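One-letter residues, chain by chain:
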Amino acid sequence: MDTQKQKHLLEKIDHHLRKTARRMVQFDTLDETLHYLIDSFHEQFACNYMAIIIKDGHTLKIKAKKGEAPQFEQHFPLSSEACLPRVYGEPLCTFDLIKEEDNCSLLSGLNAEQFQTWFTFPIRQENEDSLGLCVIGFRSFVPLVLGAEKLFEEYGKDIAIAFALGQQKETELKKIKGLEWLKENVYLGGSSLEEIVSKIVERAGKGTNAESAFIYLYDEDTNCFLYQPPSYGINIPQDKIDLKEAYDLNPFFAFLEKPGGGEITIPLIINLKTIGVLHVINKEHALFTADDLELLQFLASHVSALIENARLYSSEKDRKYRLETFMHHQQELVKHTLEDDGFSKISEFLSDMMKCSVFLFDRFFHLTSSCILESDPAMGERILSQVKNERRHFQQSKQLEYWITVNDQLEFGMFKVVGAGDLLGYLGLAIPRKKLDTVLKMTLNHALNVYAVQFIKQKVVLDVREQVKDSFFNQLFVEEIHNKGKILEYANLLNWNILEPHVIGLFSFVFEEKEEQKSNLLEVDAQKTWIWDRIRDHVSRSEPGIILTRKDEYYVTIVPQAKATGAFWKTFYERIKKIISSEFDHVDSYLGISQEAHKIEDYYNCYKQAQKTLAILYNRFPDKQFLSFHQLGSYTVLYNLADPHIVPLFLRAYLDPLLQYGNGKNRDLFDTLRVYLQTNGNIKDSSDRLFIHRSSFKYRLEKIREILQVDIDDAEQRFNIMLAYKLYDLHLTESSDA
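Cut-offs and rules
Along each chain, residue indices are assigned from 1 in the same order as the chain's sequence is written. Local features in this predicted model are restricted to residues whose pLDDT is 70 or higher, and side-chain atom pairs enter the listing and the counts only when it is 80 or higher, whereas totals over whole chains, interfaces and linings include all residues. Calculation of side-chain values draws on the structure's entire complement of heavy atoms; hydrogens and water are dropped beforehand. Runs of E in the DSSP output that reach at least two residues are strands. Runs of H or I that reach at least four are helices, and both are numbered from the N terminus. Each residue is placed in one exposure class: buried if its accessible area under a 1.4 Å probe, protein chains only, is under 20% of its type's maximum, exposed if it is over 50%, and partly exposed if it falls in between. Here the Shrake-Rupley method, with its probe set to 1.4 Å, supplies the accessible areas, and only the displayed protein chains count as covering residues. Patch membership requires more than 30% relative accessible area and the absence of a salt bridge. Residues of like charge join within 9 Å; the nonpolar side chains Val, Leu, Ile, Met, Phe, Trp and Tyr join within 5 Å. Just to be clear on terms, a salt bridge is a Lys or Arg side-chain nitrogen sitting within 4 Å of an Asp or Glu carboxyl oxygen. Two strands qualify as a pair provided DSSP detects at least 2 bridges between them. Angles shown run from 0 to 180 degrees and are taken between the N-to-C directions of axes, each axis being a line fitted to C-alpha atoms and, for helices, limited to the stretch in contact. Residue contacts follow a heavy-atom distance rule, with two residues in contact if any of their heavy atoms lie within 4.5 Å. The criterion is simple. A nonpolar core is a set of buried Ala, Val, Leu, Ile, Met, Phe, Trp, Tyr and Cys residues joined through side-chain atoms within 4.5 Å. pLDDT runs from 0 to 100 and stands for how confident the predictor is about each residue. Cysteine sulfur atoms that pair up within 2.5 Å are treated as a disulfide. Small angles under 35 degrees read as roughly parallel and large ones over 145 as roughly antiparallel, with 65 to 115 read as roughly perpendicular and the rest as oblique. Note on residue categories: nonpolar means Ala, Val, Leu, Ile, Met, Phe, Trp, Tyr, Cys or Pro, charged means Asp, Glu, Lys or Arg, and polar means any other residue, Gly included. Left-handed describes a crossing whose near helix is turned anticlockwise from the far helix by less than a right angle; the clockwise case is right-handed. Two rings from Phe, Tyr or Trp (for Trp, the six-membered ring) form a pair when their centres are within 6.5 Å of each other. A pair whose planes differ by under 30 degrees is stacked, one over 60 is edge-to-face, and the rest are tilted. A ring has a charge above it when a Lys NZ or an Arg CZ is no more than 6 Å from the ring centre and no more than 35 degrees off the ring normal.

A few words now on the overall build of the protein chain. Across its full length, the protein chain holds 22 helices and 21 strands. For the protein chain, with 738 residues in total, the buried portion stands at 45%. With the model as given, the accessible surface of the protein chain reaches about 39300 Å², and the carbon-plus-sulfur share is 50%.

For the rest of this paragraph, the subject is a nonpolar patch on the surface. A cluster of nonpolar side chains, contributed by Ile 456, Val 460, Val 464 and Val 468, occupies part of the molecular surface with about 290 Å² of accessible area. Assignment of secondary structure puts Val 464 in helix H10 (residues 438-476).

Under the criterion given, the structure shown has 19 salt bridges. Note that Lys 563 is salt-bridged to Glu 543, the shortest N-O span being 3.1 Å. On the criterion of sequence distance, the pair formed by Lys 563 in the loop between strand S19 (554-560) and helix H14 (568-583) and Glu 543 in the loop between helix H13 (521-542) and strand S18 (547-551) is long-range, its members being 20 residues apart. Judged by relative accessible area, which is 32%, Lys 563 ranks as partly exposed.

So, about the sheet that holds strand S17 (residues 502-511). Hydrogen bonding along the main chain pairs the strands of a sheet, whether they run parallel or antiparallel. With mixed pairing, the five strands of this open sheet are ordered in space as S18-S19-S17-S20-S21. Because the sheet does not close on itself, it has two edges, and the strands there are S18 and strand S21 (626-628). Here the average twist between neighbouring strands, direction ignored, is 20 degrees. Note that S17 and strand S20 (residues 587-597) share nine bridges and pair antiparallel. In the sheet register, Val 510 faces S20, and the bridge partner there is Asp 588. Packing of helix H15 (residues 602-620) onto the sheet brings it into contact with S17, S18, S19, S20 and S21, and relative to S20 it is tilted by some 145 degrees.

Moving on, we get to the sheet that holds strand S10 (residues 263-270). Read from one edge of the open sheet, five strands run S9-S8-S7-S11-S10, paired in antiparallel fashion. This sheet does not close on itself; its edge strands, each paired only once, are strand S9 (240-242) and S10. On average, each strand axis in the sheet is tilted by 25 degrees relative to the strand beside it, whichever way the strands run. Note that strand S8 (residues 224-233) and S9 share three bridges and pair antiparallel.

For the rest of this paragraph, the subject is the nonpolar core. Nonpolar side chains tend to gather and get buried jointly when the protein is soluble and globular. Counting 29 residues, the largest nonpolar core has Leu 476, Phe 477, Trp 496, Ile 498 and Ile 504 as the members making the most contacts within it. Listing elements by their share of this core, those giving two or more residues are H10, helix H11 (484-493), S17, S19, S20 and H15. Not counting residues within four places of it along the chain, the set of residues in contact with Ile 498 comprises Phe 472, Leu 476, Ile 487, Leu 488, Ala 491, Ile 600 and Tyr 603. Formed by 27 residues, the second largest nonpolar core is a distinct cluster that contains Trp 532, Ala 564, Tyr 573 and Val 587.

Our focus in this paragraph is unusual backbone geometry. With an omega of -5 degrees, the peptide bond between Phe 76 and Pro 77 qualifies as cis. Within the fold, Pro 77 resides in the loop between helix H3 (70-73) and strand S3 (78-79). If you check the backbone angles, Asn 223 has positive phi at about 55 degrees while not being a glycine. With respect to the helices, strands and loops of the structure, Asn 223 is situated in the loop between strand S7 (210-219) and S8.

Attention now goes to the confidence of the model for the protein chain. The predicted model of the protein chain averages 78 in pLDDT, with 79% of residues at 70 or higher. The least confident element of the protein chain, judged by mean pLDDT, is helix H12 (residues 515-518) at 47; the most confident is H3 at 90. The model gives residues 515-519 a pLDDT under 50, and that stretch makes six contacts with residues more than four places away or in other chains.

Assignment of secondary structure puts Ser 628 in strand S21. For Ser 628, the contacting residues outside a window of four places in its chain are Ile 593 and Thr 613.

Going through the model one piece at a time under the given rule, you end up with zero disulfides. No disulfide involves Cys 83; its nearest neighbouring cysteine sulfur is the one of Cys 104, lying 4.5 Å away. Cys 371 provides the cysteine sulfur closest to Cys 356, a residue in no disulfide bond, and the two sulfurs are 9.2 Å apart.

Attention now goes to the pairing of strand S14 (residues 401-406). In the sheet, S14 pairs with strand S15 (residues 410-419) via six bridges, with the strands oriented antiparallel. What sits directly across from Thr 405, in S15, is Glu 411.

Helix H21 (residues 694-708) packs onto helix H19 (residues 668-678) with a crossing angle of 105 degrees between their chain directions and a minimal axis gap of 10 Å. By the angle between their axes, H19 is roughly perpendicular relative to H21. Between H19 and H21, the contacting residues are Asp 668, Leu 669, Thr 672, Leu 673 and Tyr 676 on the first element and Phe 697, Arg 700, Leu 701, Lys 703, Ile 704, Ile 707 and Leu 708 on the second. Of the residues in the contact of H19 with H21, the class split is eight nonpolar, one polar and three charged.

Now for the pairing of S18. In terms of residue burial, S18 counts as a mostly covered element, since four of its five residues are buried. The sheet contact formed by S18 and S19 spans five bridges and is antiparallel. Paired with Arg 550 across the bridge in S19 is Tyr 555. The loop that links S18 with its antiparallel partner S19 comprises two residues; one of these, Asp 552, has a positive phi angle of about 55 degrees.

What follows covers the packing of H10 against H11. Each pair of packed helices can be summarised by the angle the axes make with each other and by the distance between the axes. Taken N-terminus to C-terminus, the directions of H10 and H11 make an angle of 145 degrees; their axes are 10 Å apart at the nearest point. Two packed elements cross with a definite hand, and for H10 against H11 that hand is left-handed. Where H10 abuts H11, its residues Val 468, Phe 472, Gln 475 and Leu 476 lie against Ile 487, Tyr 490 and Ala 491. Counted by class, the contact of H10 with H11 contains six nonpolar, one polar and no charged residues.

So, about the packing of aromatic side chains. On inspection of all chains with the given rule, the structure shows 29 aromatic pairs. Measuring from centroid to centroid gives 5.8 Å for Trp 496 and Tyr 603, while their planes differ by 75 degrees, and the two rings are edge-to-face. One end of the pair, Trp 496, is in the loop between H11 and S17; the other, Tyr 603, is in helix H15, with 107 residues separating them in the sequence. Overall, the relative accessible area of 8% leaves Trp 496 in the buried class. Measuring from ring centre to ring centre gives 6.1 Å for Tyr 676 and Phe 697, while their planes differ by 45 degrees; the resulting arrangement is tilted. Placement of the pair is Tyr 676 in helix H19 and Phe 697 in helix H21, with a sequence separation of 21 residues. In this structure Phe 697 comes out as buried when scored by relative accessible area, which is 0%. Feature note: the residues Phe 507, Phe 509, Trp 532, Tyr 555, Phe 568, Trp 569 and Phe 572 constitute an aromatic cluster, connected by ring pairs. The ring of Tyr 607 carries the charged tip of Lys 551 above its face, separated from the ring centre by 5.8 Å.

With that settled, consider the environment of Ile 98. Mapped onto the elements of the fold, Ile 98 is located in the loop between strand S4 (92-93) and helix H4 (105-112). Ignoring any residue separated from it by four or fewer positions in sequence, one finds Ile 98 in contact with Leu 84, Arg 86, Leu 92 and Leu 107.

Attention now goes to the side chain of Arg 391. Mapping Arg 391 onto the fold places it in helix H9 (residues 379-396). Every residue in contact with Arg 391, bar those within four places of it in the chain, is listed here: Phe 364, Phe 365, Arg 534 and Glu 583.

Take the environment of Gly 681 next. Note that Gly 681 resides in the loop between H19 and helix H20 (683-690). Beyond its immediate sequence surroundings of up to four residues, Gly 681 is in contact with Tyr 676 and Arg 718.

Here it is, written out as structure tokens:
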């Protein structure tokens, strides 16, 4: 080729490339720019194949092409490291001598395609960073013009600039579309959260060419990100992401506000508070870029308020509905208190209303009613066990509510049921504490009032019954019965067989004298009433045959004689003491026990026996804490000599068994014991005085011990018996004089 033609061809190439470069900046998208470049070059120079190859990370991908080259294209996508560094730095052509050609997958592919003429030139930015390269191939021989390499090298830089402009314009266009979308959707009053999320994920997915996009919203109660449907694309998101105790989102989202990966995550933030995240994955044919990040950040900054407003609107709408429902539930709960005397229906209704298991205890922590959800019936036993262990803490707590955790997983709240200033019971709910929002707390408070009304209804009935019972016993414990028929009628109403033998026990409770109690006698009396109610509740459950009542300052226990045998009173007293110690740690209890009442007229005397026994017990034997009348001995008489009822009762206890032995016809044992006491327990002197053999005398002593059931060698008992003989003689003398 002569010099003139070569110069003309160079000018033609230069003119075309300059013209093309100028035109490239006029297009709005990168695809339009690249296709114009290829089409114009192909039209001007009639090449058989042209391709723009772009670097995407460490991978080469064909971004745009014209023509067919299957042998060449099968190498793509191609690792950028599989190509000679020269292809990124300078133009190359068919006739260049390249020693490393066999080690370059790109050049090997061009040769395999059997192009007669080919050349490449790099696409580089001004800072020399390589964006990729351009490949041109001819099936026929084309003479190359010396000096054209420099033109193509400069042209590659123009393409890089146009490439960057195209990307920038695409980003701006996406922002414009985003602004248009925001303009169309910023006023979504009445739209559901699902409708707003659907529009957001669609815009995010399409704007970044992602396969899928979805939103997670943060739930404070569970400390989790919960999937908020619907999603965009083909991938199915997981239902929730548990943050556990972490406060950093990076371990859960690998590309949190970071490009260069197959996914990208943008926090949704309102007033420096993260309300959720926007997550997109699997960008089509590429990794997510900084432009994608910028677009998503732009979108997230504007839609966070939309989402939060939608959540607030939905929450308020739900709260309004729940308030309306609450008013209906109030009516239903009140209806149950009017129609039912128990608690079961109320507990069932409350459980269904609050979607949790419900436990109602009386003030002594007995389970009154419960409604356990079917999802975990075994949890009921674990809750009751934990409540039993924690009951002292419940009772001592000054707060109206108390929370525990069962098995380190289930929160359980106890709420005091209070009515007319009195503690009536406890309501337990197996519900997370955070779930008790304003509406549920209103529901709970109303339920507590309903339970209080029901407790008070039952308490009024019980109080009336106790008043009737107390009135009955006030008529029974009198010295002279005026209306025996009325007594029998009352006893029948109480389902009590008064004609059977019974034993009377009187309790007295003594508080340690603390400064605050000395000045607050009402509080002490209230505590005594609490203790007696607790005992009455326990006995009514465990010993239904025992009757409890109050008379004067005494707490009366009436026990059938058939039951009050052996170690009954010892066991009974220990149970009562255990109940008291579980409630108070500064109370002493004393119990005085009478002899048997065989008929109605005996109850007054037995009441007086128990009363006297209790007085002597407290003043003389406080360490014993409970004592029977027959164990008192002479103290019964000495405590109150003026009482005409005491001497006969005392004689009956110590001497009557000997006098009645043998139907009262044989006084040998009676006289034997008197002589034994007079000789100060000397067997020889006693047998000589009675003119009987010593062995016969010993036999009589054993028989006496068997009949009286007392230790006649005990100094206290010997004194009691000696006093009984003297009172017998005195009583016999008075009878003779009369």
